[in-house]
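Residue strings, one per chain:
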Amino acid sequence: MARMSAEERRESVVRAAMCEFARGGYYGTSTEAIAKRVGVSQPYLFRLFPNKQAMFLAATTRCMEEIRLVFEEAAKGLTGAEALEAMGAAYLALIAEQPDKLQMQLQVYVTVAAAEAAGEREFGELVRAGWMDLWDTVRLPLGGDSEQAGSFMAYGMLINTLAALGFPPGHRVWEGCRLSGPSGPSGPTDPADTHEPPQA
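Residues numbered from 1 in each chain as written. Predicted model: local features only at pLDDT ≥ 70, side-chain atom pairs only at ≥ 80, totals over all residues. Heavy atoms only, no water.

Draft legend 1. Main features of helix 8 (residues 146–165). With 20 residues, helix 8 extends 28 Å between its outermost C-alpha atoms, agreeing within 8% with the 28 Å of an ideal straight helix rising 1.5 Å per residue. Those residues of helix 8 not exposed but buried are Ala149, Phe152, Met153, Gly156, Ile159, Asn160, Leu162 and Ala163. Where helix 8 is buried, its residues contact helix 4 (52–74), helix 5 (80–97), helix 6 (99–117) and helix 7 (121–139). Taking the backbone nitrogen of Glu147 as reference, a side-chain oxygen 2.9 Å away marks Asp145 as the first, capping residue of helix 8. Two residues or fewer after helix 8 comes Gly166, characterised by a positive phi angle close to 80 degrees. (Helix = DSSP H or I, 4+ residues; strand = E, 2+ residues; numbered from the N terminus. Expected span 1.5 Å × (residues − 1). Buried < 20%, exposed > 50% of the residue type's maximum accessible area, 1.4 Å probe, protein only. Contact = heavy atoms within 4.5 Å. Polar contact = N/O pair within 3.5 Å; in protein donor to acceptor, adjacent residues only side chain to side chain.)

Have a look at this one:
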């Protein structure tokens, strides 16, 4: 069996870090847990990343980039309401199939807020740059319409909250969720829907 290269190890660390941070958050996750998941020693882990913050930033960047790519792929060749609907459906499918993407986002917001409160602006700046890439990816098929993009992202944040709180499909609270915009189809309200919200 061929040995993994340093780059392959680094990739496995990023994946493991995203899983562990999604579950335990930045402050509740040890580098030991990440090393154990990867199957390497802690000293080797620190040969790939200088510290825990670097691992968290790498996991955050990966999470946001994968969400951005989902939006980009879903909206390819589409504009306006069609793009919104496609991106919304793709996002609902993503967090249903990969709940760690939802959990990681929530952990990122908490960690950035704590860093900002402690005066660590650089940490937040790096995360905000990734979030702006998401924003711009959503705006592009909307012709740069910030109002529509803002509405889409706002509904997305609402869906993140409802999904994290464990509101089941079909609950009346989902009736107002429209990732495709105010005039588009609402979020899933029946367990038989293709893209039902994940169970937290």
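Now that the structure has been shown, the text picks up again.
Draft legend 2. Inspection of empty space enclosed by the protein at higher detail. Tallying each qualifying case throughout the model produces two cavities of 30 Å³ or more. Looking at the largest cavity, its volume works out to about 120 Å³. The wall of the largest cavity is formed by 13 residues, among which Phe71, Tyr91, Gln105, Met153 and Asn160 lie closest to the centre. At the level of secondary structure, the elements contributing two or more residues to the lining of the largest cavity comprise helix 4, helix 6, helix 7 and helix 8. The leading source of residues in the lining of the largest cavity is helix 8, at five residues. The residue makeup of the lining of the largest cavity, split by class, is 10 nonpolar, three polar and no charged. In this structure, the second largest cavity encloses a volume near 60 Å³. Lining the second largest cavity, in full, are Cys63, Met64, Ile67, Gln105, Val108, Tyr109, Trp131 and Leu134. (1 Å grid on protein atoms, 1.4 Å probe; cavity = no way out; pocket = protein on both sides within 12 Å on 5 of 7 lines; lining within 4 Å. Points joined across faces, edges and corners; volume = space filled by probe spheres on them. Nonpolar A, V, L, I, M, F, W, Y, C, P; charged D, E, K, R; others polar.)

Draft legend 3. Broad picture of the side chain of Thr111. With respect to the helices, strands and loops of the structure, Thr111 is situated in helix 6. Side-chain polar atoms of Thr111 contact the backbone oxygen of Gln107, separated by 2.8 Å. Those residues within four positions of Thr111 in sequence are excluded, and the remaining contacts are Tyr26, Phe56 and Phe123.

Draft legend 4. A look at the packing of aromatic side chains. In this structure the tally under the stated criterion is nine aromatic pairs. With a centroid separation of 5.0 Å and 85 degrees between ring planes, the pair formed by Tyr26 and Tyr27 is classed as edge-to-face. Residue classification places Tyr27 among the exposed residues on the basis of a relative accessible area of 58%. Their ring planes at 20 degrees and their centres at 6.3 Å tell us that Trp131 and Trp135 sit as a pair that is stacked. Here Trp131 pairs with Trp135, and both are found in helix 7, just four residues apart, close to one helical turn. (Phe/Tyr/Trp six-rings, centres within 6.5 Å; stacked < 30°, edge-to-face > 60°.)

Draft legend 5. Local environment of the confidence of the model for the chain. Per-residue confidence for the chain averages 87 on the pLDDT scale, and 88% of its residues sit at or above 70. In the predicted structure, residues 181–200 sits below a pLDDT of 50 and forms 44 contacts with residues beyond four places in sequence or in another chain. (pLDDT = per-residue confidence, 0-100.)

Draft legend 6. Structural context of the nonpolar core. Judged by nonpolar contacts, the single largest core of 53 residues is most densely connected at Phe21, Ile34, Phe71, Met87, Met104 and Val138. For this core, the elements supplying multiple residues, two or more each, are helix 1 (6–28), helix 2 (31–38), helix 3 (42–48), helix 4, helix 5, helix 6, helix 7 and helix 8. If one sorts the elements of this core by residue count, helix 4 sits on top with 10 residues. Residue contacts for Phe71: discarding those within four places in its chain leaves Met87, Tyr91, Leu134, Thr137, Val138 and Phe152. (Core = buried A, V, L, I, M, F, W, Y, C linked by side-chain atoms within 4.5 Å.)

Draft legend 7. The pattern of salt bridges, seen in detail. Evaluated as defined, the whole model comprises 13 salt bridges. One salt bridge in this structure joins Lys101 and Glu66, with 2.9 Å as the shortest N-O distance. Of the two residues, Lys101 sits in helix 6 while Glu66 sits in helix 4, which places them 35 residues apart along the sequence. Taken as a pair, Lys101 and Glu66 share a single burial class, namely buried. Ionic pairing is found between Glu125 and Arg128, a salt bridge with its closest N-O pair at 3.1 Å. Here Glu125 pairs with Arg128, and both are found in helix 7, just three residues apart, close to one helical turn. For Arg128, a relative accessible area of 30% corresponds to the partly exposed category. (Salt bridge = Lys/Arg side-chain N within 4 Å of Asp/Glu carboxyl O.)

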